[in-house]
Amino acid sequence: MNSGHQHRVFGRRAQEHILILASGDKVRHMTVRPWMAAIVFCFVGVFSIGYLLATSYLVLRDDLIGATMARQARMQHDYEDRIAALRAQVDRITSRQLLDQQVVEDKVDKLMEQQMALTSRHGKLDNLLDRAESSGLTEKDGAPPAPIQSYAPDIKDKRASLGGIEAIEKQLASGPPADATPDNSTLAYVPSAETVGDRADRIFSNVTLSLKGVEQDQRNRVEQLTSDAGNAANAIATVLTRFKIPTPAETAAEKDDDAVGGPYVAPESNDDFNNSLVALDGALTRLEAVRSTAESLPFRNPAVGKEMTSPFGNRRDPFLGRLALHSGIDFRFSPGERIRPTAPGKVIAAGWTGGYGNMVEVDHGNGISTRYGHMSEVLVKVGDTVDRNDVIGLAGSTGRSTGTHLHYEVRQDGHAVDPVYFMNAGLKLATYIK
């Protein structure tokens, strides 16, 4: 009934469209409804209309494309400018690092030069210090002089890249640079960060000051030794002058213009330190000369700890009982006791000599000689060279003698002088001669 009613109301019903999808043995049916077709038609229509409108808008408004292309070009230029700025910054950093490296190498080269200068002085200082020690120069408190520090490490290569730069780089890497943004933000001035070059300047300044301090200590020590050597030489020269013995300085002054010459050559160095070394060398040379002269003279006691039985001068002769000149000093000795000279020299007499009995005479140069009389036995012969520790004879009582003793006599230019004068001078020179 319903079907007949629908046909009567709406007329004949339209036939539906069916899509058949076959895949192998499977067959599927899909009925196409009118509303589906309407939706598809509407979607296609809207898309077409939108496409036409957009195309028309872009065609009519081509300035948008130009603006977009311009914006892209600006972005590209900005990127290129940024890249160029970064490259320039990298170049500046690289240049700064190379400059800092060059500065460090230059400063290390200067330090190496100072160290090499100290090293070159090391040999001269050692030689001069050895000579000063052998000359008896000591500190004021009597202690031996301390060696001078040279501050010159082993240098295999003066280039900074072979060892020296490594130590400096360690110091440069120790500790962060100064903070450029302190906590107190109210300060009007904010210091800039400390660069590698600034830190290198600071470190090298400290090292340079340290080396200069070492050099100044060396200079002070050299000047002190020069002064001490001069004072000691003057003291010895004063004693020698008292005995009318020419000092080496006077002898050298007499020969300054005697048979000398040669082309003029500029001095090796005009450095103050080298000049001070030359002054010390001259002072030590003079000290060694006057000291050698003093050590060759009879300033020592021939009988230390022995009793003096008869002094120098006029006395009653023990054999004749009348006044006579005693030309020496008598010391009590035990029979056979060893007798040594008071200074090195050459034996010019050895054997029996009148009232001296067995006597030995030693020539010490500068017109001074010593005689040792009344010996029981002579152990040297004429022409022998003797030293202070050599035994020249044995004590006895030969010649004009009343008992075993040593007759000690000092003669200057052939005339007998009081040996006490020489022995007293020897006490004053005890700190300068061995």
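Cut-offs and rules
- Residues numbered from 1 in each chain as written.
- Predicted model: local features only at pLDDT ≥ 70, side-chain atom pairs only at ≥ 80, totals over all residues.
- Heavy atoms only, no water.
- Salt bridge = Lys/Arg side-chain N within 4 Å of Asp/Glu carboxyl O.
- Helix = DSSP H or I, 4+ residues; strand = E, 2+ residues; numbered from the N terminus.
- Buried < 20%, exposed > 50% of the residue type's maximum accessible area, 1.4 Å probe, protein only.
- Arc of directions from axis to C-beta.
- Polar contact = N/O pair within 3.5 Å; in protein donor to acceptor, adjacent residues only side chain to side chain.
- Pairing = 2+ DSSP bridges.
- Core = buried A, V, L, I, M, F, W, Y, C linked by side-chain atoms within 4.5 Å.
- Contact = heavy atoms within 4.5 Å.
- pLDDT = per-residue confidence, 0-100.
- Patch = residues over 30% accessible without salt bridge, like charges linked within 9 Å, V, L, I, M, F, W, Y side chains within 5 Å.
- Areas by Shrake-Rupley, 256 points an atom, 1.4 Å probe, with all protein chains shown as cover.
- Phe/Tyr/Trp six-rings, centres within 6.5 Å; stacked < 30°, edge-to-face > 60°.
- Lys NZ or Arg CZ within 6 Å of the ring centre and 35° of its normal.

A.B. asks: In this structure, what is going on with the pattern of salt bridges? I would like to understand it.
C.D. replies: Close approach of charged atoms allows side chains with opposite charge to pair. For the coordinates displayed, the defined rule picks out nine salt bridges. Of the charged contacts in the structure, one is a salt bridge between Arg-371 and Glu-361, with a shortest N-O distance of 3.3 Å. Taken together, the residues span a long stretch of sequence, with Arg-371 in strand 10 (residues 368–378) and Glu-361 in strand 9 (residues 358–365) at a distance of ten residues. By relative accessible area, which is 16% here, Arg-371 ends up buried. Arg-411 is paired through a salt bridge with Glu-409; the nearest N and O atoms lie 2.5 Å apart.

A.B. asks: Help me out: how do you make sense of helix 8 (residues 419–428) in this one?
C.D. replies: Three- or four-residue spacings in an α-helix give side chains the same orientation, since the helix completes a turn every 3.6 residues. Pro-419, Phe-422, Met-423, Ala-425 and Gly-426 are the residues of helix 8 that are buried. Each buried residue of helix 8 lies within a common arc of 160° when the element is viewed along its axis, so the set occupies one face. Residues Tyr-421, Leu-427 and Lys-428 are exposed on helix 8 and point more than 90 degrees away from its buried face. Capping the start of helix 8, Asp-418 holds a side-chain oxygen 3.1 Å from the backbone nitrogen of Val-420, two or three residues further along.

A.B. asks: Mind showing me how you'd approach the pairing of strand 6 (residues 329–332) here?
C.D. replies: When strand 3 (residues 308–310) meets strand 6, the two strands line up antiparallel, connected through two bridges. Its bridge partner lying in strand 6, Ser-310 is registered against Asp-330. Alignment of strand 6 against strand 13 (residues 405–412), held across four bridges, turns out to be antiparallel. Its bridge partner lying in strand 13, Ile-329 is registered against Tyr-408.

A.B. asks: Help me understand the nonpolar core in this model?
C.D. replies: The nonpolar side chains of soluble globular proteins are, as a tendency, buried together. Ranked by internal contacts, the top residues of the largest apolar core, which has 48 residues, are Leu-137, Leu-240, Leu-287, Phe-299 and Ile-339. For this core, the secondary-structure elements that each account for two or more residues are helix 3 (63–134), helix 5 (196–242), helix 7 (272–295), strand 6, strand 9, strand 10, strand 13 and helix 8. Excluding residues that lie within four positions of it along the chain, Phe-299 makes contacts with Val-239, Leu-240, Phe-243, Ala-294, Phe-422, Met-423, Ala-425, Gly-426 and Leu-429.

A.B. asks: Teacher, can you tell me more about the environment of Gly-383 here?
C.D. replies: You can see Gly-383 is positioned in the loop between strand 10 and strand 11 (385–386). When residues no more than four places from it in sequence are discounted, the contact partners of Gly-383 are Lys-346 and Val-347.

A.B. asks: Help me out: how do you make sense of the confidence of the model for the protein in this one?
C.D. replies: In low-pLDDT regions, the fine details of the predicted coordinates are not to be read closely. Per-chain confidence: the protein averages 77 in pLDDT, with 75% of residues scoring 70 or above. Across residues 139–165, where pLDDT falls below 50, the model places 53 contacts with residues more than four positions away in sequence or in other chains. Under a pLDDT of 50 for its full length, residues 177–190 has, in the predicted model, eleven contacts with residues more than four places off or in other chains.

A.B. asks: It is not clear to me how a nonpolar patch on the surface should be interpreted in this structure. Could you clarify?
C.D. replies: A surface patch of nonpolar side chains, amounting to about 320 Å² of accessible area, comprises Leu-19, Leu-21, Met-30 and Val-32. Taken together, the elements giving at least two residues each to the nonpolar patch come down to strand 1 (17–23) and strand 2 (26–32). Note that Val-32 resides in strand 2. According to the relative accessible area criterion, Val-32 is partly exposed, its value standing at 31%.

A.B. asks: What am I meant to see in the environment of Glu-16 here?
C.D. replies: Looking at where Glu-16 falls in the secondary structure, it is placed in the loop between helix 1 (2–10) and strand 1. Residues Glu-16 and Pro-34, spaced 18 residues apart in sequence, show a C-alpha to C-alpha distance of 8.7 Å.

A.B. asks: Please clarify how the packing of aromatic side chains should be interpreted in this entry.
C.D. replies: All chains considered together, the criterion is met by four aromatic pairs. Plain terms: the ring middles of Tyr-372 and Tyr-408 are 5.5 Å apart, the flat faces sit at 45° to each other, and that makes the pair tilted. Of this pair, Tyr-372 sits in strand 10 while Tyr-408 sits in strand 13, and the two are 36 residues apart along the sequence. Just as Tyr-372 is buried, Tyr-408 falls in that class too. Each member of the aromatic cluster is reached from another via a ring pair, and the members are Phe-243, Phe-299 and Phe-422. For Lys-306, the ring lying beneath its charged end belongs to Phe-333, and the centroid distance is 5.1 Å.

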